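The residues making up each chain are set out below.
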Amino acid sequence: MIRSSSSSLPLLLLLLTKVQADFGDYADTSFDCPALTTCPVICTKNEFDCPTQCEEGLNLCPDGNCKEVCGEDNEYNKCADLYSCTPFACARIVQSFDSCESSFGGFYEISHACSNDDGQTAKLELWTVGNVLGILWVLGVSACIIGWGKWNSGKVVASSKHVLESSSDGSGDGVNVLSSSSVNVSVYSSLSTNSLTLTSYKSHTVGTLLFYLTCFTWSFIQVSLLMLTVAYYQSVDYLPGSPSKYLDLDHEDEILYSFEIIWFVGFVWCLWLAFLPNWRMYFLTVCSTSDAEYVQVFAPSSECFLYADEDREGGGELEKGITTSVPPRKQTYGKFAYVNAIIDTMHTIGMSLRKIIVGQSFYMSSSGSFAYCQVNNGSFYYKLQRYHYNQERSKFTPSLYHLECDDLSKKQKGLSTNEVMALQDIMGPNEIFMLEPSLVRSITEEFSKVFYLYQNFLIWAWFPLYYYYIAILHTIVRVVGGLGVSYLHFTNDRQLYELSRSRGEITALRDERWMSIPQTELVPGDVIQIKTGVACVDLLLLQSDGAVVVDESALTGEATPVSKIAISQFSFNSNDIPSKNRIRAGTEVMRSSSTNIGIVTRTGSSTTKGSMLQTILSDDVRHKFQFDVEVEIVLAILAIYAAVAMTLVLHLLNDDPVYGWFYAMYVVGTALPPLLPTVFVVSVGVSTSRLKQQNIAATSSENILVAGKVRTAFFDKTGTLTAAGLVLHEAQCMNHDTDQNEDGDSLFRMGLAVTHTLTINNSPTTTDRVIGNHVDKCMFESTGASLTSSSTSNNDTNMTVTLNNGTSLSYIQRHDFDHNRMTQSVSVRRESDDKVFVFVKGSPDSILSKSNRSSIPTDVHHVISRNAKLGLYQIALATTASRNSAAEGMDRDEIERNLVFLGLITFINPIKDESQSIIDELRHGSIESYMITGDDVRTGIYVAKQVGIVDDGERIVLGTLNQPEGEDEVNERILWTEYDLDQNDDEDEDNFRSKIISHENITKLIMESDEYNTHRTTFAITGAAWRHLLQYPHLYEGHHYNNLSMISRLASRIRVYGRCNPNDKVSIIQIFNSNEIDQQNKHVTLMCGDGGNDCGALRTAHVGVALSRAEASVVSPFTSLDLELSSVVTIVKEGRCALASAFASYKYMIMYGSIETFTQIICAYYRITFADWNWVFMDGVWLTTMAFGLSLAKPANVLSNKRPTASLLGPQTMISMIGGILLNYTFILIGLFMLLHGADWFACREWTAISLNNVLTIGDNYESEIIFLVSGYQYVAAAMAYNFGYSHRAAWWKNYKFVFFAALWTCVHFYATLVPGRLSCLFRVNCVNEDVVVNASELMKVPLNNPYNTTLLPLEFRWSIFGVMIANAILLISWDYFVVYGPVGKSIVASYYKRKGKVSNDSDKLAKTKNMSNSSKISSELV
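Residues numbered from 1 in each chain as written. Predicted model: local features only at pLDDT ≥ 70, side-chain atom pairs only at ≥ 80, totals over all residues. Heavy atoms only, no water.

## What to know about the overall build of the protein chain
Looking only at helices and strands, the protein chain has 43 helices and 49 strands in total. Put simply, of all contacts in the protein chain between residues at least 6 apart along the chain, 75% involve residues at least 24 apart. (Helix = DSSP H or I, 4+ residues; strand = E, 2+ residues; numbered from the N terminus. Contact = heavy atoms within 4.5 Å.)

## A closer look at the side chain of Asn-703
Structurally, the position occupied by Asn-703 is in helix α19 (residues 703–707). At 2.7 Å, the side chain of Asn-703 forms a polar contact with the backbone oxygen of His-1102. Those residues in contact with Asn-703 that sit more than four places away from it in its chain are His-1102, Val-1103, Pro-1117 and Phe-1118. (Polar contact = N/O pair within 3.5 Å; in protein donor to acceptor, adjacent residues only side chain to side chain.)

## Regarding the packing of helix α6 (residues 252–273) against helix α12 (residues 450–462)
Running from N to C, α6 and α12 point in directions that differ by 180°, and their axes come no closer than 11 Å. Here α12 runs roughly antiparallel to α6, going by the angle between their axes. Between α6, through Phe-259, Trp-263, Gly-266, Phe-267, Cys-270 and Leu-271, and α12, the contact on the second element is made entirely by Leu-453, Tyr-454, Phe-457, Leu-458, Trp-460 and Ala-461. Taken together, the residues of the contact of α6 with α12 break down into eleven nonpolar, one polar and no charged. (Axes fitted to C-alpha atoms, helices over the stretch in contact; angles between N-to-C directions. Parallel < 35°, antiparallel > 145°, perpendicular 65-115°, else oblique. Nonpolar A, V, L, I, M, F, W, Y, C, P; charged D, E, K, R; others polar.)

## Brief notes about the state of the cysteines
What makes a disulfide is a covalent bond joining the sulfur atoms belonging to two cysteines. What the rule picks out here adds up to seven disulfides. Each sulfur in the disulfide pair Cys-33 and Cys-1244 lies 2.1 Å from the other. Of note, the bridge from Cys-33 to Cys-1244 carries an S-S torsion of about -80° and is left-handed in sense. One end of the pair, Cys-33, is in the loop between α1 (9–15) and β1 (36–38); the other, Cys-1244, is in the loop between α36 (1211–1238) and α37 (1262–1282), with 1211 residues separating them in the sequence. (Disulfide = S-S within 2.5 Å.)

## Things to note about the pattern of salt bridges
Inspection of the entire model under this criterion finds 19 salt bridges. In this structure, Arg-955 and Glu-978 form a salt bridge, with 2.9 Å as the shortest nitrogen-oxygen distance. With Arg-955 in strand β42 (residues 955–962) and Glu-978 in strand β43 (residues 973–979), this pair connects stretches of sequence that are 23 residues apart. Looking at Arg-955, the relative accessible area reads 19%, which means it is buried. (Salt bridge = Lys/Arg side-chain N within 4 Å of Asp/Glu carboxyl O. Buried < 20%, exposed > 50% of the residue type's maximum accessible area, 1.4 Å probe, protein only.)

## Considering the pairing of strand β46 (residues 1054–1058)
Judged by how many residues are buried, β46 sits mostly within the fold: five of five residues are covered. In this structure, strand β41 (residues 928–932) lies alongside β46, joined through two bridges in parallel fashion. Each residue of the ladder has a partner; that of Ile-932, found in β46, is Tyr-1057. Sheet analysis places strand β45 (residues 1017–1022) next to β46, joined by four bridges and oriented parallel. Within the sheet, the bridge partner assigned to Thr-1022 lies in β46 and is Gly-1058. (Pairing = 2+ DSSP bridges.)

## Points about the packing of aromatic side chains
Counted under the stated rule, the structure contains 65 aromatic pairs. Taken together, a centroid distance of 5.4 Å and an interplanar angle of 90° make the contact between Tyr-282 and Phe-283 edge-to-face. The same class applies to Tyr-282 as to Phe-283, namely buried. Here the basic side chain of Arg-814 rests over the ring of Tyr-811, its NZ or CZ set 4.5 Å away from the ring centre. (Phe/Tyr/Trp six-rings, centres within 6.5 Å; stacked < 30°, edge-to-face > 60°. Lys NZ or Arg CZ within 6 Å of the ring centre and 35° of its normal.)

## Examining the side chain of Thr-1018
Tracing the chain through its elements places Thr-1018 in strand β45. We classify Thr-1018 as buried; its relative accessible area is 3%. There is a polar contact of 2.9 Å between the side chain of Thr-1018 and the side chain of Glu-954. Other than its neighbours up to four places away in sequence, Thr-1018 contacts Val-950, Glu-954, Arg-955, Ile-956, Val-957, Arg-1053 and Arg-1055.

## Describing the sheet that holds strand β48 (residues 1103–1106)
What the eleven strands build is an open sheet, ordered β29-β49-β48-β47-β30-β41-β46-β45-β42-β43-β44; its pairing is mixed. The open sheet has two free edges, formed respectively by β29 (696–698) and β44 (996–997), since each of these has just one partner strand. Taken together, the four bridges between strand β47 (residues 1085–1089) and β48 define a ladder with parallel strand orientation. For Leu-1086, the partnering residue across the bridge sits in β48 and is Val-1103.

## Description of unusual backbone geometry
Of the consecutive residues Cys-33 and Pro-34, the connecting peptide bond is found in the cis state with omega at 0°. Mapped onto the fold, Pro-34 is located in the loop between α1 and β1. With phi around 55°, Leu-465 is a residue other than glycine that occupies positive phi space. Among the secondary structure elements, Leu-465 is positioned in the loop between α12 and α13 (468–500).

## With respect to helix α27 (residues 937–947)
Among the eleven residues of α27, nine are classified as buried, and the element is accordingly described as predominantly covered. Residues of α27 that are buried: Val-937, Arg-938, Thr-939, Gly-940, Ile-941, Val-943, Ala-944, Lys-945 and Val-947. For α27, the N-terminal cap is Asp-936; the gap from its side-chain oxygen to the backbone nitrogen of Arg-938 is 2.7 Å. A positive backbone phi angle near 100° is found at Gly-948, which sits one or two residues after α27.

## Digging into the nonpolar core
Ranked by internal contacts, the top residues of the largest apolar core, which has 198 residues, are Trp-263 and Tyr-1148. When residues in this core are grouped by element, the largest group, 22 residues, is from helix α34 (residues 1126–1166). Not counting chain neighbours up to four residues away, the residues in contact with Tyr-1148 comprise Trp-1182, Leu-1183, Met-1186, Ala-1187, Leu-1190, Tyr-1275, Ala-1278, Ala-1279 and Tyr-1282. Ranked by size, the runner-up nonpolar core spans 32 residues in total, among them Ile-932, Leu-1030, Tyr-1057 and Ala-1097. (Core = buried A, V, L, I, M, F, W, Y, C linked by side-chain atoms within 4.5 Å.)

## What about the sheet that holds strand β17 (residues 395–398)?
Spatially, β15-β16-β17 is the arrangement adopted by the three strands of the open sheet, whose pairing is antiparallel. Unpaired on one side and paired on the other, β15 (379–382) and β17 mark the two borders of the sheet. Across the sheet, the axes of successive neighbouring strands diverge by a mean angle of 35°, strand direction being ignored. In the sheet, β15 pairs with strand β16 (residues 385–390) via four bridges, with the strands oriented antiparallel. Note on β16: the bridge partner recorded for Tyr-382 is Gln-385.

## Section: the pairing of strand β23 (residues 538–543)
Along any regular strand the residues' side chains alternate between the sheet's two faces. Of all six residues in β23, five are buried; the element is thus mostly enclosed. With five bridges joining them, β23 and strand β28 (residues 597–602) adopt antiparallel strand pairing. Among the inter-strand pairings, Asp-538 is bridged to a residue of β28, identified as Arg-602. Judged from the two bridges that link them, β23 and strand β26 (residues 582–583) form a sheet pairing that is antiparallel. Note on β26: the bridge partner recorded for Leu-539 is Ile-583.

## Focus on the packing of helix α21 (residues 744–754) against helix α22 (residues 774–783)
Look at α21 against α22: their axes get within 7 Å of each other, and the N-to-C directions meet at 130°. Taken together, the axes of α21 and α22 lie oblique to each other. The chirality of how α21 crosses α22 is left-handed. Note on element contacts: α22 touches α21 through Met-779, Phe-780 and Thr-783, opposite Arg-749, Leu-752 and Ala-753. (Left-handed = near helix turned anticlockwise from the far one by under 90°.)

## Side note on the environment of Gly-948
Relative to the helices and strands, Gly-948 is located in the loop between α27 and β42. C-alpha separation for the pair Gly-948 and Asp-920, spaced 28 residues apart in sequence, amounts to 6.8 Å. Excluding its chain neighbours within four sequence positions, the residues that come into contact with Gly-948 are Ile-919 and Arg-923.

## With respect to the confidence of the model for the protein chain
Summary statistics for the protein chain give a mean pLDDT of 78 and a share of 77% for residues scoring 70 or more. Within the protein chain, the element-level pLDDT minimum falls on strand β12 (residues 306–308), averaging 29, and the maximum on helix α38 (residues 1296–1314), averaging 96. Low pLDDT, under 50, characterises residues 1–21; the stretch is placed with 59 contacts to residues that sit more than four places away or in other chains. (pLDDT = per-residue confidence, 0-100.)

Following this line, the structure appears as structure tokens:
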């Protein structure tokens, strides 16, 4: 136990000065009691007063040692240096420590008193003038800041705040700035701004002064801490110079006390400043909108999911459909009610403190976010949207316009200079405004985060007291980690920035003459020459000497080049510019000439490319998961733990508060590890690097952790589950008698050859002569026809098709495929007799609805259904009665009516070889797969069965939209029927009606499936039916699925969604993203698609995987550059591995903190510490190599049927940590017990409590040695326990770097424990002075600082401690491997979730339902 004796104090103080030890001192290795030692040097006035003499034949040297010859070594006279009144060193002798005290105690007291007379313990001046002035300065600046805030918040300025209007409502500028050109300008916007609130600010002299004073004060605090640190090391002669030259401080205690005051004041002040949402904006003053230099835009918070508009009295019935809105806060937080309550309380307290401290309540809101934008020349940008100040309306309005052209011929004159200037004032430059990424700015933003504030001040507290080497090490780790994250953000921002750039010059028609201007000066209405290269604006093709060939793959992902032709007046529609006449920004013009002319329709951020980037950057919704929320609770718990530990240490060291404070700060640094957030960053970085090696780009690397929790996967069909291309299967003419002069077969072959938009490509860069849509090419090439082009007198291009029988057909009109009409049409003239033919092709449903009933074969519906069930892609072809040249003047509606049905063309869309195995692997990983396709729902069902999304033997219920004859759209109803792939569709009405399932029984099927989870009944639905269900839910009152909960349950049972447009895909995923499907098991969604029409779904899903190299794919967090479907499984594996590794590292950091906090509290009790190199290994080498080594684990080869936990406070995580912590505490106490009560030799070698003023002198003792040996190996053993794969990571031994370091540190630790020598002396254990090594802090050899000059352990005791370490490691590993993740842990977790009303994982659900043999019977009875 602790010994303290006033009589022995002078001896101990003399003994433990930094110069007391000598490498020649006697070390008693007999382990007998009493222990012998070399008594400390006795200092007297002269030789005659010495009580000891050298033996005969030896000479007394100046340092007190007796030698045959003096002067051989550096004989330092300690007495002359320390005590002026007793300068002579007497001969040193060997005897027991107690004998030294009893024999020479009087001499030691005289020397000690002499030291006091020399002023060594003069009264310290703690409250110096510098300390007081520093505190007063900080308080004064703080008072000014608070006063400024109070004054500014109470300031009332007219028109300083207004709601930003959405340009879609027509509230923007409607001035006709192009009146001379007859161009009507109206406003449009892709950014919803209905709920954005704007507040105006400007600079103020007082605010600016306060801002610079704040920056100066922060810098002053940092510089002061640096100066005091340097002064401390100068005061202890570690650095040259004297602190009194620049500080009014001489004694090291005064310096350290001043350091503590400045540190505490600085930390509290900087933490207070963290309450300011934006430093620069806080020091501005509210002003009128017309004077604004800066604006603050407030946007209400939003989440990427839907919820129902609930009737307060009606219990949640839908009245106006499903809407997107801000859900209740509790829905975003997760599974556990206590987490919600704690988080809400923390946020409420935080917001209240902000309002009190800051004084500007309109800055603070828990339900929204603020953006701060600088106003330049009366305009600002918010999320790529430009707003300009409208003087007439005295407010900022959107700067977006859409050209409506009444007479195209007038537009070819271009714009005048005045018109250009007027538009430039409103529209700004033609550029997608983005701040150029700066690495310096990224670094500044990263290191401005609140946790870096804690890290910064904590590391400052480690610099004094010879702990600077750990402070430097942690600084390096912190800086390198922060720089890595900053560089990752910088590269991502740089990638987006490069997409937004528009460089070079272009030829435009200004003032009726052509001139070369920079691309940035273009405005809507400009007429330009279309040249090869990347288009910088959206434009309409006015004139061409031939087809302009454009590669749109950058936006759509479709690799096939497309042709563009000039628009004609009669085909132009201002609300719907045909795709064939429009060139979009971001696409590459592959072939063009200077005679091709276009008119600019959109510039800057309003272009197609700008909208794409706006989608990326405007989506600031961060999908929140359990660990996102619980991390706040964890940090709060650790902060409380750190405060308790700090208080306990200060209490134990209350007699030495100056040094006790630093000791307590070391405890805080371990209880709340400053590197804790870094482990998640490292795990994500490792997985990102591995994905990059597999050609998978991660534009949003933080989503890797989210990928580890994916529960639901959605797949597009074409190009994703099936190959991108189609193969012609059959062209079947079904109407041989058309009641026309032409043979039906001939017309059908003619239609195949001419119904397309193919063009001739003469570009030398492309080998394909005929270019266009892949399906069109397949149809055309199957006929053996040829395509030629020629120029007309007015520079138009005339396309001619020559059939294989020599018949030539020239085009009159060609209409592109229209997604709304679902048709494409052409009119051609046969040159031999000038006879005109019209052909229309499209989806079978569309063609049949436009065809005469008399021309429709009776079996066509059966054939279409059969083909769809076989997974064939179908196109129907129809014609009209032969017409004369009057057809040239007909519009599209007239042409595409009263058709004569001809036949069907079917294509095979081959299923990828890997599709089924990927779906199977996901299913094994408890990930449910769904299909969302734009193709026919029956084709989707066929493919779904082939790849395993729908199992064989499952009952399929198909939902389609049925419109009763004579009823309008509102009265349509969803018709549910039993669908059988093998059933013959040629059946009577009675048989069909027998398959209809009522809505009541559909509800029972949903509930039955939910209760038993048998999934024996699978649903499929068309996009039209899905939209109808969301739009008119009130039509289904009484059928229970007219509320979001039941719609969500139904959605989870629907495995195939067919004929879905992009908006349908988004709405489906949003339903799954909500908590309504399963409140306890939230659906974390993944979407995999290949085309531009999947961008919305890719962005909406928690995890998006784009199988595309197009620029549009950057909206997706992940992009497979190899276009491999297996990338989905790879990403999920990496996500699970990263999540498991991050949690392993997280648990290790907590374990490290708990071990070291516990040992430091014990050390504080004994008033001891560890040696320098021990700290280097514990807080540096072991911590970094083990914690970060855990992140290097590779993913498992096979997906487990369980997902890794994402709960920091969940039972699995808590059981693992609490059990491991208790085991470690127990073994540390066992080791101490063995030393204190089981070692007789230790009775005379106990440590005695002394002052802490020199930490270098209190680490060489047996108590520290045993604590270090036992707890030190716990750092390695705990990491080994957490390195096991637990299903989501590869085998533990495959983490080669970690295993190497774990083995290395195990060997080092065991060797140091068992074998005395230089290695053990590195840790100051099992050591004698002859083997000591260079000290980490002083970079010199320092003798052992204890009375016995050794820390050697008896051999038997070494093996006993070795056994303790082995037993500790085995139990730690067994606890995690067999208990936490074994049968015991599984049982505890299962019972915990059962009490919470939650099933632990999907595999248990499926296993539970395998014995439900009667479930199929229940389904049958309902049908």
